[in-house]
Amino acid sequence: MTNLPEPVHPRAHLRASDADRERVVQLLGEALADGRLETHEHSERLDAVYTAKTLGELVPLTHDLSDVVETPGADSQARARSPVIDQAGASTETDHLIGIFGGGERKGRWRVRRRTNAVAVFGGFDLDMTEATFDARRVEIRLFALFGGISITIPDGVEVQNQCGGVLGGVSINTGDTPPPPGAPVIVLKGVAIFGGGDIHVRRK
């Protein structure tokens, strides 16, 4: 990798955590989206993120992208809850989640696609997005709940726009009192709940 500064980090010898790598991935995705990085530069640095073992290897990857860049390793527990956007790995396909007289769950490391269809008929789905990667800053989830329900757990710093309708049912949203920061992911909810509903909430430690 060429033309990268080599800043000295006081904790450069420490091992990097998954949260440290996710933060760098988010910053690289934002830099690609606003034109600060070319596609080949983003790809090159992204490869370096996933092979990095220490904080000293991560710091140069974002050092030239902003006047104010958070240092990897600082408050990593809080950063682990921050939403991650990676447009480089985005897919144009729609994700389909269907639960009829049954259901399922998504949790851990998974991708929230630009569009997701979630159907629960006499069943339900649990979607935990606290460790998920968002394909885009704005994603759309279409809900259809008939005598069923869909529960969505989101990380801090995500905006939710509710455009759902209800017939003896509805969608409950609790994102807390903290407003999302500029550039935060936006989840747009569309669809209808009939004798069922959806529950969108923030998981806090």
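## Re the sheet that holds strand 10 (residues 159-167)
No. 1: Pairing is parallel across the open sheet formed by 5 strands, whose spatial order is 2-5-8-12-10. Each edge of the open sheet is held by one strand with a lone partner, namely strand 2 (95-100) and strand 10. Neighbouring strand axes in the sheet, compared pairwise and without regard to direction, differ in orientation by 10° on average.
No. 2: With 7 bridges connecting them, strand 5 (residues 115-121) and strand 8 (residues 138-146) associate as parallel partners. Looking across to strand 8, one finds that Val119 is bridged to Phe144.

## Points about unusual backbone geometry
No. 1: Unusually for a residue other than glycine, Phe122 sits at a positive phi of about 50°.
No. 2: By the secondary structure assignment, Phe122 is in the loop between strand 5 and strand 6 (124-128).
No. 3: Backbone geometry places Phe195, a non-glycine residue, at a positive phi of 50°.
No. 4: Tracing the backbone shows Phe195 in the loop between strand 12 (186-194) and strand 13 (197-202).
No. 5: Judged by its relative accessible area of 41%, Phe195 is partly exposed.

## Topic: the packing of helix 1 (residues 18-33) against helix 2 (residues 39-51)
No. 1: One can describe the packing of helix 1 onto helix 2 by two numbers: an axis separation of 10 Å at closest approach and a directional angle of 180°. What the angle tells us is that helix 1 and helix 2 run roughly antiparallel. Residues Arg21, Val24, Val25, Leu28, Gly29 and Leu32 of helix 1 form the contact with helix 2, whose own contacting residues are Thr39, His42, Arg45, Leu46, Val49 and Tyr50.
No. 2: Split by residue class, the contact of helix 1 with helix 2 holds 7 nonpolar, 3 polar and 2 charged.

## Here we look at the sheet that holds strand 13
No. 1: If you walk across this open sheet you meet the 5 strands as 3-6-9-13-11, and the pairing is parallel. Of all strands in the sheet, those with a lone pairing partner are strand 3 (103-106) and strand 11 (170-174), marking the two edges. Shown here is a sheet whose adjacent strand axes are inclined to one another by a mean of 5°, direction ignored.
No. 2: Pairing geometry for strand 6 and strand 9 (residues 149-154), over 5 bridges, is parallel. In the strand pairing of strand 9, Asp126 is matched with Ser151.

Analysis parameters
- Residues numbered from 1 in each chain as written.
- Predicted model: local features only at pLDDT ≥ 70, side-chain atom pairs only at ≥ 80, totals over all residues.
- Heavy atoms only, no water.
- Pairing = 2+ DSSP bridges.
- Helix = DSSP H or I, 4+ residues; strand = E, 2+ residues; numbered from the N terminus.
- Axes fitted to C-alpha atoms, helices over the stretch in contact; angles between N-to-C directions.
- Buried < 20%, exposed > 50% of the residue type's maximum accessible area, 1.4 Å probe, protein only.
- Parallel < 35°, antiparallel > 145°, perpendicular 65-115°, else oblique.
- Contact = heavy atoms within 4.5 Å.
- Nonpolar A, V, L, I, M, F, W, Y, C, P; charged D, E, K, R; others polar.

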